[in-house]
Amino acid sequence: MISRRKTRQVTVGNVRIGGDAPVSVQSMTSCYTYDIDKCVAEINKLDQAGADIVRVAVPERKDTEALKEILKQVKVPIVADVHFHFQRALESVEAGVHKIRLNPGNINDRAQVEKVIDACKERGIPIRVGVNEGSIVERKDKQKRLKELGGVFSDNKHGHFLAIMIAKLEEYLDIFYERNFHDIVISAKSIDPLLVVSAYEEISKRFDHPLHLGVTHAGPKETGTIRSVVPLGHLLASGIGDTIRISYANDPIYEVQDGLELMYILGLRTRKGAELIGCPTCGRIQVDLFTLIQQVNKALHEHIQLPIKVAVMGCVVNGPGECEGADVAIFAGDKRGIIYVQGQKVANVPEEQILETLLAETRKFQDKVIRGEAKLGEKVVDILPPDPIGELGSGYAKIEAGKAAAVSLPVMKN
Ligand code: SF4
């Protein structure tokens, strides 16, 4: 169980960030905000996928003009992402957004910042102060500031950037404090995962505002997943972070899916829908497990609402031990699959019937749980495929017959 750092709570529409609120998952639209229909469709798609909060870019007046209409057609809280033009923040507040994101690197005129603070205060709207490493100071001053502040964190590889991010943040937040404004969320993103870790660790010692975690410009999902999940997972596991956005150069739906999965595996959120575990396959496999697991994943996503643990295993050699705790399990081999539900064998079917049978059995089990006749992960059972050579055949066909008899299959426990 992760013990989370206590932060002040802010409210974004109907979502709380910080304090005892669960870590929320955010994403950002990739279409033009002024294209109302597209923007509404994308926001609603992200909402359906499980996003708690969605951010939209508002670079132009026509974007903030569109916001009013967009807000009427969506339920999830909306954040206006403002850069360079403080007027966009004021217009967004006027349109009714639920949070403003300001970048101290490009909105730093004190009078302008004060106007935004006052407008948000009047409407009870929080502000995220996002100090991206790439835009923390005006380009012309950057080298000078780096030199001035370089010694502050001299023991840290990223000392220069860390120092300048913290200094800029402190300077900026003073404007907020002077106006008695504390509905603040902080982010400190970088493309460098190690700088991200250092920055958030340092900020968490200095401020009690909730933290929005993220790695900026993480790239395509293929490489961006590791770049994002390693630092975010590390910070969350050490109790730092109140809301996250994983950012990919890809359909933002993946940001939500991966953000939620990160919450689930860290035990920071209660899983919605089935949990799928699967073997990586090896030379024992005798069904098309890669295709099967994709199909099972899709079917579970579409049909299963409860957090039922489903295991798809290529054979019975390691399968039973590796899927310990699964409610539903299938062990494949010799073009067939044996399906177990909480330890009871319920089917032995040819490969082409595995998917439909597994789904049917999982749905049947879900109905039983809903009716109160079964409990998730409760039964202590033995999964002992009765005659692996006979029923599943080739999983053991590669093992000498004399040795196969000595293989003892483990007992399933809770
Ligand atoms: S479950 Fe069987 S097929 Fe899958 S990786 Fe383990 S030993 Fe190989």
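Residues numbered from 1 in each chain as written. Predicted model: local features only at pLDDT ≥ 70, side-chain atom pairs only at ≥ 80, totals over all residues.

Asker: Summarise the nonpolar core; cite the residues concerned and give the values.
Answerer: If you look at the biggest cluster of nonpolar residues, it comprises 71 residues, and the most contacted ones within it are V54, A80, I100, M165 and Y200. When residues in this core are grouped by element, the largest group, nine residues, is from helix 6 (residues 159–178). Excluding anything up to four places from it in sequence, Y200 contacts A188, L211, L213, L235 and I240. (Core = buried A, V, L, I, M, F, W, Y, C linked by C-beta atoms within 7 Å. Buried ≥ 20, exposed ≤ 12 C-beta atoms within 10 Å, placed from the backbone. Helix = DSSP H or I, 4+ residues; strand = E, 2+ residues; numbered from the N terminus. Contact = placed C-beta atoms within 7 Å.)

Asker: I'd like a description of helix 3 (residues 86–95), backed by residues and values.
Answerer: Every α-helix winds through 3.6 residues per turn, so residues three or four apart in the chain are directed the same way. Listed as buried for helix 3 are F86, R88, A89, E91, S92 and V93. Lining the buried residues of helix 3 we find helix 2 (61–72), strand 5 (78–82), strand 6 (99–102) and helix 4 (110–123). Immediately beyond the C-terminal end of helix 3, within one or two residues, lies G96, with a positive phi of roughly 105°.

Asker: Which residues make up helix 2, and what values go with them?
Answerer: Among the residues of helix 2, those classed as buried are D63, T64, A66, L67 and I70. One face of helix 2 carries all of its buried residues, which in axial projection span an arc of 155°. Facing away from the buried side of helix 2 by more than 90 degrees, the exposed set consists of K62 and K72. (Arc of directions from axis to C-beta.)

Asker: Before we move on, can you summarise the sheet that holds strand 7 (residues 127–130) with the specific residues and values?
Answerer: Strand order across the open sheet formed by eight strands is 8-7-6-5-4-3-10-9, with parallel pairing between neighbours. For this open sheet the edge positions go to strand 8 (184–187) and strand 9 (212–213), each flanked by a neighbour on one side alone. Pairing of strand 5 with strand 6 involves four bridges; the strand directions are parallel. Counted as the bridge partner of A80 is I100 from strand 6. (Pairing = 2+ DSSP bridges.)

Asker: Could you give an account of the packing of helix 10 (residues 289–303) against helix 12 (residues 351–370), naming the residues involved and the relevant values?
Answerer: Packing of helix 10 against helix 12 brings their axes to within 10 Å, and their N-to-C directions diverge by 30°. Classified by the interaxial angle, the pair formed by helix 10 and helix 12 is roughly parallel. Taken as a pair, helix 10 and helix 12 cross one another with a handedness that is right-handed. Along its contact with helix 10, which presents L292, Q295, V296, A299, L300 and H303, the element helix 12 presents I354, L355, L358, L359, T362 and R363. Looking at the contact of helix 10 with helix 12 residue by residue, the class counts come to eight nonpolar, three polar and one charged. (Axes fitted to C-alpha atoms, helices over the stretch in contact; angles between N-to-C directions. Parallel < 35°, antiparallel > 145°, perpendicular 65-115°, else oblique. Left-handed = near helix turned anticlockwise from the far one by under 90°. Nonpolar A, V, L, I, M, F, W, Y, C, P; charged D, E, K, R; others polar.)

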